Amino acid sequence: MTTSAMAELESVLAAAAANDKSDRIPVWRDRVAAFGSDAVEAVGPWVGDPDKALFRFANRVIKKGADTGGPAREHAVATLMAIGRTEIPDENRRDLELVLGEMNVAKMPRPGGS
């Protein structure tokens, strides 16, 4: 990723994070996800955020990034599966299971599992 593309991604992420949570997914998801695997990597830290709205947004960005297929999908699935192996609140786990189901990923990981 070029320096200017990285700056643009960081700018879009900052705007998405500052936006009202009710608008975050419909307004910002596709703009962030357009950065593909770089977007998946960039929103990864958001899944640990106590703000469940940021967790949901990160899940949706990761899923949308996977829609491009190939390595981006593999990276997205691996990222979501890794999240599922951590301790996360039940509400976030249900959201994660929903997203993985929408991606046709059959096995939902559990903390400590592989």
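Scroll up for the structure.
It is worth spelling out the overall build of the protein at this point. Broken down by element type, the protein carries six helices and zero strands. Shown N-terminal to C-terminal, the secondary structure of the protein runs as helices and strands in the order α-α-α-α-α-α. Over its C-alpha atoms the protein spans a radius of gyration of 13 Å, differing by no more than 12% from the 13 Å that the globule rule assigns to 114 residues. Taking the principal axes of its C-alpha atoms as reference, the protein extends roughly 40 × 30 × 20 Å. Counting across all 114 residues of the protein, residues that qualify as buried make up 40%. Residue pairs in contact within the protein that sit at least 24 positions apart in sequence constitute 59% of those at least 6 positions apart.

Positionally, Asn-59 belongs in helix α4 (residues 52-66). Contacts of Asn-59, omitting those with residues within four sequence positions, involve Val-47, Leu-80, Asp-95, Leu-96 and Val-99.

What follows covers the environment of Ala-16. With respect to the secondary-structure elements, Ala-16 resides in helix α1 (residues 3-18). With 43 residues separating them in the primary sequence, Ala-16 and Asn-59 have C-alpha atoms 14 Å apart. Apart from the residues lying within four places of it in its own chain, the contact partners of Ala-16 are Arg-24, Trp-28 and Phe-57.

Rules behind the numbers
- Residues numbered from 1 in each chain as written.
- Predicted model: local features only at pLDDT ≥ 70, side-chain atom pairs only at ≥ 80, totals over all residues.
- Heavy atoms only, no water.
- Helix = DSSP H or I, 4+ residues; strand = E, 2+ residues; numbered from the N terminus.
- Rg over C-alpha atoms; globule rule 2.2 N^0.38 Å.
- Buried < 20%, exposed > 50% of the residue type's maximum accessible area, 1.4 Å probe, protein only.
- Contact = heavy atoms within 4.5 Å.

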